[in-house]
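So you can see what is in the structure, the chains are spelled out below.
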Amino acid sequence: MENSEYPPQAEATSGEAPYVATLARLHAELKPEFYLETGVRHGASLSLAHCPAVGIDPIPEITMPLAEGVRVFACTSDDFFDLHAD
């Protein structure tokens, strides 16, 4: 399902390395114990988390497999922090 409010161009980046490759390298090197991501869209970068993780997006369209322990909240980040964050 494509949402015209969030066109694919909204995820365009620039630079030498794709952002997902950069995040994959950071996950491999840092091995975070917890990961939080706002704006998960299809879950490409959230799928890199192999630890407990939270993804926040008002209209998530997850198409990537996510690890066990990864939760996605369909809300704005303001609502998440007001209603769900400890």
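I will try to describe carefully the structure that is included in this document.

Reading the values: the criteria
- Residues numbered from 1 in each chain as written.
- Predicted model: local features only at pLDDT ≥ 70, side-chain atom pairs only at ≥ 80, totals over all residues.
- Heavy atoms only, no water.
- Buried < 20%, exposed > 50% of the residue type's maximum accessible area, 1.4 Å probe, protein only.
- Helix = DSSP H or I, 4+ residues; strand = E, 2+ residues; numbered from the N terminus.
- Pairing = 2+ DSSP bridges.
- 1 Å grid on protein atoms, 1.4 Å probe; cavity = no way out; pocket = protein on both sides within 12 Å on 5 of 7 lines; lining within 4 Å.
- Points joined across faces, edges and corners; volume = space filled by probe spheres on them.
- Nonpolar A, V, L, I, M, F, W, Y, C, P; charged D, E, K, R; others polar.
- Phe/Tyr/Trp six-rings, centres within 6.5 Å; stacked < 30°, edge-to-face > 60°.

## With respect to the pairing of strand 2 (residues 53–56)
Here is step 1 of the chain: Neither face of strand 2 is exposed, since Ala53 and Gly55 on one face and Val54 and Ile56 on the opposite face are all buried.
Here is step 2 of the chain: Where strand 1 (residues 35–38) and strand 2 come together, four bridges link them in parallel fashion. Looking at strand 2, one finds that Thr38 is bridged to Ile56.
Here is step 3 of the chain: In the sheet, strand 2 pairs with strand 3 (residues 70–73) via four bridges, with the strands oriented parallel. Directly across from Gly55, in strand 3, lies its bridge partner Val72.

## A short note on the layout of surface pockets
Here is step 1 of the chain: Volume-wise, the largest pocket comes out at about 150 Å³.
Here is step 2 of the chain: For the largest pocket, the lining is made up of twelve residues, of which Tyr19, Glu37, Gly39, Val40 and Ser45 are closest to its centre.
Here is step 3 of the chain: Secondary structure elements with two or more residues in the lining of the largest pocket: helix 1 (19–30) and strand 1.
Here is step 4 of the chain: Along the lines of polarity and charge, the residues of the lining of the largest pocket split into four nonpolar, five polar and three charged.

## Things to note about the packing of aromatic side chains
Here is step 1 of the chain: Considering all chains together, one arrives at two aromatic pairs under this definition.
Here is step 2 of the chain: Seen from their ring centres, Phe73 and Phe80 are 5.0 Å apart, and the 65° between their planes marks the pair as edge-to-face.
Here is step 3 of the chain: Between Phe80 and Phe81 the ring centres are 5.1 Å apart and the planes differ by 80°, which places this aromatic pair in the edge-to-face class.
Here is step 4 of the chain: Taking the relative accessible area as the measure of exposure, Phe80 reaches 6% and is therefore buried.
Here is step 5 of the chain: Note on Phe81: relative accessible area 45%, which makes it partly exposed.

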